[in-house]
There are 4 protein chains.
Amino acid sequence: MQLLNEYKKVRDRSAFICRPLKTEDYVVQPVVDVSPPKWHLGHTTWFFETFLLMPHCEGYQVFDADYNFVFNSYYESVGKRVIRTDRGNLSRPSVSDIYSYREYVDAAMEQWLTYELSPELTQLVLLGLNHEEQHQELLYTDIKYILGHNPLMPAYGEGPQLASINNTKEPISIKAGIYEIGHTGEGFSFDNELGRHKVYLQDFTILSGPETNADFLAFIESGGYQDFRYWHSEGWDWVQKNQVKAPMYWHWLDGEWQYYTWQGLQPLHAHEPVVHISYYEAAAYAAWKGMRLPTEFEWEIAATQFNWGRRWEWTESAYLPYPGFVKAPGAIGEYNGKFMVNQMVLRGSSDVTPPGHSRITYRNFFHPHLRWQFTGVRLAQ
Amino acid sequence: MQLLNEYKKVRDRSAFICRPLKTEDYVVQPVVDVSPPKWHLGHTTWFFETFLLMPHCEGYQVFDADYNFVFNSYYESVGKRVIRTDRGNLSRPSVSDIYSYREYVDAAMEQWLTYELSPELTQLVLLGLNHEEQHQELLYTDIKYILGHNPLMPAYGEGPQLASINNTKEPISIKAGIYEIGHTGEGFSFDNELGRHKVYLQDFTILSGPETNADFLAFIESGGYQDFRYWHSEGWDWVQKNQVKAPMYWHWLDGEWQYYTWQGLQPLHAHEPVVHISYYEAAAYAAWKGMRLPTEFEWEIAATQFNWGRRWEWTESAYLPYPGFVKAPGAIGEYNGKFMVNQMVLRGSSDVTPPGHSRITYRNFFHPHLRWQFTGVRLAQ
Amino acid sequence: MQLLNEYKKVRDRSAFICRPLKTEDYVVQPVVDVSPPKWHLGHTTWFFETFLLMPHCEGYQVFDADYNFVFNSYYESVGKRVIRTDRGNLSRPSVSDIYSYREYVDAAMEQWLTYELSPELTQLVLLGLNHEEQHQELLYTDIKYILGHNPLMPAYGEGPQLASINNTKEPISIKAGIYEIGHTGEGFSFDNELGRHKVYLQDFTILSGPETNADFLAFIESGGYQDFRYWHSEGWDWVQKNQVKAPMYWHWLDGEWQYYTWQGLQPLHAHEPVVHISYYEAAAYAAWKGMRLPTEFEWEIAATQFNWGRRWEWTESAYLPYPGFVKAPGAIGEYNGKFMVNQMVLRGSSDVTPPGHSRITYRNFFHPHLRWQFTGVRLAQ
Amino acid sequence: MQLLNEYKKVRDRSAFICRPLKTEDYVVQPVVDVSPPKWHLGHTTWFFETFLLMPHCEGYQVFDADYNFVFNSYYESVGKRVIRTDRGNLSRPSVSDIYSYREYVDAAMEQWLTYELSPELTQLVLLGLNHEEQHQELLYTDIKYILGHNPLMPAYGEGPQLASINNTKEPISIKAGIYEIGHTGEGFSFDNELGRHKVYLQDFTILSGPETNADFLAFIESGGYQDFRYWHSEGWDWVQKNQVKAPMYWHWLDGEWQYYTWQGLQPLHAHEPVVHISYYEAAAYAAWKGMRLPTEFEWEIAATQFNWGRRWEWTESAYLPYPGFVKAPGAIGEYNGKFMVNQMVLRGSSDVTPPGHSRITYRNFFHPHLRWQFTGVRLAQ
């Protein structure tokens, strides 16, 4: 019954996030990293249909056989279908078709969840729910991108409730020694957090709070975007090519910096943690400050001593397997391991992370040039 | 009153074309040449608001000042707005907002059209209506592309009514001599048809009917797409790069050629005129036949002697100004002249050309690689 | 004997053009349109080996079978060789290998040319020599590009001797009527000039001289590159994307316009005909002047009444087949016909056209954005 | 005197590597990662001129002020010069000019090195020599690319002498615990090796020898390039896009695998260590074997117990700063730190690494898709 309740709660939340949208907002894909909201709604549903109902629920009838093709993000075989296209070009299935799909699958799932499940199936349901929660964060970030890159800059509405965090930045010092890293215990975790293991850390200091808009503004005003010495070589190319001059959503208007928020354009709040910066910007900012980013191990060990949760915080760790990492067999196994190259780890969670979805061992990861997520920076030394 | 009636009739027809669409179908832009249907609806409305109501209708209040930015296809100035984006990324204004915009402008126009207009203003209204009719043809072709490139291949519905044409292909011979080309008389025409002038034509023969699917299938089956000798150098590159093997919308399925139509996938109709071929394909087909395409002048002189109207027919004429061509001053003047390079002329009209919109002097034009219009081929020698 | 002498004269001239080069200058290909000089030397030699010696000279032994692959610009089959590469990446065959290849083929040709040849073979030798003369013009333009785009801007040397032309620009008026166009007579011509035929021309006026650097400077200084109204839509995109602000080889240095010449950087000569402009620039300039470019037919009819020969002059004619144009069979037939799309005709000849290679009926053609040839502009009305 | 002798020895070796080249081979740049040999010769010379002679040798006259622009790979300022171009387009300075440049700088350096130098300047000279040795390895790899991608596949000559290595692959087991990593002692090292520090390693096993051509052939023959399960997501995209089917330089010819070597095409030597594979290929191969790549720390600790030196060995470590890494100030400081993102570490050395240039703490790094270096794979578990 607890799993059933959890199922209902998570599934309802996806629809709740989309409630302020117009039908048109569900459809577009302004850049390749952003998916149309209706795709998220369909893809998360497809997960339950494909990995639970089809193999394990006797007598289940697939809602629409074509949906496997449309909503499968991992589809590697080629040539089976006549038409291949991008997510943002798909006007069909319609939004109401996808909500029908959700209702159909939810009805079957809710019926099926009244039975006693094996531990393996329970884990798979939990994986599906955590998968959906990941897409809920993406729903928020993608919706913000879609509305915030529309020339009319429409407001979304109220937006998620924000944690209140004491923004003081005190240095926290940690002594060198052997520490343990990685998930342990009975709760859910992704495969990339598993394999709790020892690491040796050197003495280090980390700040108790993230850097703010006011901090970052000082970097901008001192010419940080114009001085190649602070930047990685690839970061500098990225700045030049994209003419980057400020974090995403910042606009210089009427003689002041404004930024796009859930309520539309607003003057910059100086004391908010800076957000929507790339790894390149985080690292250049740290270099300008004469400091550095923490490694993901430093972050995990120190994080018990500070508040976090408003921003995904870039670390100086590349996304690589923990010792003993093993991919699960089959399609589920593609979940994490195949992305372990050319991405940087982010730790913490953000304003738009679903409640209960964050953990101190959680490893998020993105390419270093991306910044449409709620990404910020905390300094170390 | 006649102009008012004409206005209502043309404006209603745009909405009629879109009636079978779902809201989502109005939004997407699968390739750069295709515009979202809602953009067509807004842009044609913007024309009347900008060129007629704003300068000439006293007391007119603009519906929404931002729409000038969103619906202006000729906007050349830069830097005025914070966000610039592609048509297919715009979820707002919503479809219902755009229909409200149409109603608002139509109400103002219909009121204003009850007054006596100067000949110049009457001409400008007619230009607006002909402009909207051009976009009605684009609405059909873009809708077909959007639905026909969706993996679900949904049907549109009944589709436009087709002219019945005798498809016999008899040779028509025309004697060499001086002929007159270009629009004359009082009816509406675009600026690119004006300047009636003499040309000298050599003896030539042209067929009384267009080539059919069966004809084109013979080209395919004899290896026409694999033999570079039939192709222009750029056409051959286009075939290789895009792996072209048949006209657009043709699919080899279950051992036969099928094609996407208004009613969904259907077996090929052998006797229909072939459609959705590029200039490169038309020219290669003609070379394979040992014939050639007619020039636009040959077509215009001979067309009084045959039926046409199901397909836009590629000619061997580049789109260039007629002798004495003068661009109109101002934004209206951008209408045609600025496209007079790198495009080929098509003559005739198609299944989706609005009734009354076609003329024997009409000059349509597209880049030689495009084929999402209803383009076909007629041979000459 | 005359053919043998002509052969020697033409072949020697290619080497003469390359005499000022260093070995390294023969090798590079800075942009796709420019070929390395050593490729030109090899390719023109390959023509004689492939189309004359191999099929028609008994006992001829191929110099190196691999050269067919390296020097064949028309090679359409694929997959035969392990490595495919771009011309500018080929360090081998070396320059001295290619000169050995020339000597080897020349020895065989000169021996073979002492025999009586059939008219067909004589024509083929003449085609080979005219082909080599075309590449001699390309040698000059490509060498200028290679040296003029090197940051050291080395001088080439003396450069070709220039025709002295009276630069006065008087209007020449031609009456409307039927005129004859195209090559006639016994001399050599390319296939694209053949099929002498009647055209009807309207009354027109054409200037007796080409536009000068001083004329074009006035266009620049009045903001011509910043005003989209003068430009074709594609031309305007080209200006924006490439940040074009002046003809190729012009540099704003130390407060004045200078340009790269055979002798290195020099101050602009005001009275020289403007050179190295694209069709887009020529057409925008004409629009700014309130005039237009002549058609290729107007040019051919009027050119008996003015001097020409310093610049290839852009016309308002697209490159299309003359009535009755027939491609020669086989590889030779690819010579001209397959380029008849998306290119504009240029008439006249230039400072670097080989003596005796120009004709009033000669049809040169390039894509409208190209300007590394010696291209200029003459106005009409 | 020892430094002077070392200087002469290193400088001579660059010229020795180029001795088999023709002038043309010095000029080309077939892909962006490969530099023309003449650029390497000039750039390494520019280093001594710029960082030693100009600031520290009184009375030194610069050879040619323009060379700073041509040979500076770190040049970040923009707009100073009229012409900017790619290395592979530069026919000038000529090869003989560059050898004159080398002689001129060498004469000044050899004179200057007879004086007593401060420890800082001695270190800077050593940095210049190690920098030149790095470019000597690049000279070999770039020359192999230039000749091996020419359709004539010319031989280079004898090639470097190969270490003889016992190729047995015994498992070596290392116990978990704290180990020390990084350069120590008085010898030269790069900044990225410094900061010797403790790491904690888990129990692991590593093989005593690298994988061979025969091993890799088994991967190919079992369909490894066709099965996405073995690949990183980005690696799989790379395989698809580039149609990768074997290591670089392998060709399937006449029914067998051959590969390009210093002596031209040869049948594959089964027992040679596999070479010219990307990180993606190394990782996919390891996954297919059910093993993994070692981390760079595991490699450094275990490498005292096995032979290495024929191949750069991909590790599962991203290229990141060691704890306490500090960039040197000024242009020299750009040396390593700015590349610490999106690259993977390779350990060991290769057939073409200069003698004496390798160390057990040496950190080489390349992007994961590159394979023109002598890159191979050693497995761990």
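Please read these numbers as outputs of a predicted model, since none were measured by experiment.

What counts as what
Residues numbered from 1 in each chain as written. Chains lettered and ligands numbered in written order. Predicted model: local features only at pLDDT ≥ 70, side-chain atom pairs only at ≥ 80, totals over all residues. Heavy atoms only, no water. Helix = DSSP H or I, 4+ residues; strand = E, 2+ residues; numbered from the N terminus. Contact = heavy atoms within 4.5 Å. Buried area = accessible area lost by both parts, 1.4 Å probe. Polar contact = N/O pair within 3.5 Å; in protein donor to acceptor, adjacent residues only side chain to side chain. Domains from an automatic or database assignment. Salt bridge = Lys/Arg side-chain N within 4 Å of Asp/Glu carboxyl O. Nonpolar A, V, L, I, M, F, W, Y, C, P; charged D, E, K, R; others polar. Phe/Tyr/Trp six-rings, centres within 6.5 Å; stacked < 30°, edge-to-face > 60°. Buried < 20%, exposed > 50% of the residue type's maximum accessible area, 1.4 Å probe, protein only. Lys NZ or Arg CZ within 6 Å of the ring centre and 35° of its normal.

**Student:** Please clarify how the side chain of B:Ser14 should be interpreted in this entry.
**Tutor:** As for its placement among the helices and strands, B:Ser14 is situated in helix α1 (residues 2–18). Not counting chain neighbours up to four residues away, the residues in contact with B:Ser14 comprise B:Leu41, B:Arg102, B:Glu132, B:Gln136 and B:Leu139.

**Student:** For this particular structure, what's the right way to read the interface of chain B and chain C?
**Tutor:** Note: interface size is frequently given as the accessible area lost on complex formation between the parts. Taken residue by residue, the interface counts 33 residues in chain B and 33 residues in chain C. Counting each side, the surface lost to burial between chain B and chain C is near 2700 Å², with a carbon and sulfur contribution of 59%. Ranking the residues of chain B by area buried against chain C places B:Tyr200, B:Val341 and B:Asn342 at the top, with a combined share of 21%. Viewed at the interface, chain C and chain B are joined by ten residue pairs in polar contact (both at pLDDT 80 or more). Every element with two or more residues in the side of chain B that touches chain C is listed here: β3 (197–201), α7 (233–242), α8 (279–288) and β8 (312–318) of chain B. In terms of residues, the side of chain B that touches chain C owes the most to one element, β3(B), which gives four residues.

**Student:** Explain the environment of A:Gly128 to me, please; I cannot follow it from the model alone.
**Tutor:** Within the secondary structure, A:Gly128 is located in helix α5 (residues 119–148). Contact partners of A:Gly128, with chain neighbours within four places excluded, come to A:Phe47 and A:Phe48.

**Student:** I keep staring at the domain arrangement of chain A and nothing clicks. Help me out?
**Tutor:** Residue and element names in this part refer to chain A. Domain assignment breaks chain A into domain 1 (2–148) and domain 2 (171–376). Taking only C-alpha atoms, the centre of domain 1 and the centre of domain 2 are 27 Å apart. Contacts between the two partners involve 26 residues from domain 1, matched on the other side by 25 residues from domain 2. Where domain 1 abuts domain 2, roughly 2400 Å² becomes buried across the two surfaces, and 64% of that area is made up of carbon and sulfur atoms. Scanning the region where domain 1 abuts domain 2 turns up zero salt bridges. Counting across the interface, domain 1 meets domain 2 through ten residue pairs in polar contact (both at pLDDT 80 or more). Secondary-structure elements contributing two or more residues to the side of domain 1 that touches domain 2 are α2 (37–56) and α5. Top element by residues in the side of domain 1 that touches domain 2 is α5. It accounts for 19 residues. Partitioning the side of domain 1 that touches domain 2 into residue classes produces twelve nonpolar, seven polar and seven charged.

**Student:** Looking at this structure, how should I read the packing of aromatic side chains?
**Tutor:** Remark: the centre distance and the inter-plane angle together describe each pair of aromatic rings, the angle taken between the planes. Per the counting criterion, the structure on display carries 164 aromatic pairs over all chains. Judged by centre distance (6.3 Å) and plane angle (15°), the ring pair of A:Trp262 and A:Phe374 falls under stacked. Of this pair, A:Trp262 sits in the loop between β6 (256–261) and β7 (264–267) while A:Phe374 sits in the loop between β10 (364–366) and β11 (375–376), and the two are 112 residues apart along the sequence. The pair formed by A:Trp262 and A:Phe374 is uniform in burial state, with each residue classed as buried. Among the aromatic residues, those joined into a ring-pair cluster are A:Tyr60, A:Phe63, A:Tyr67, A:Phe71, A:Tyr101 and A:Tyr104. In this arrangement the basic side chain of C:Lys144 is found over the ring face of C:Tyr249, its NZ or CZ atom lying 4.8 Å from the centre. The residue whose ring lies beneath C:Arg229 is C:Tyr230, and the NZ or CZ to ring-centre distance is 5.6 Å.

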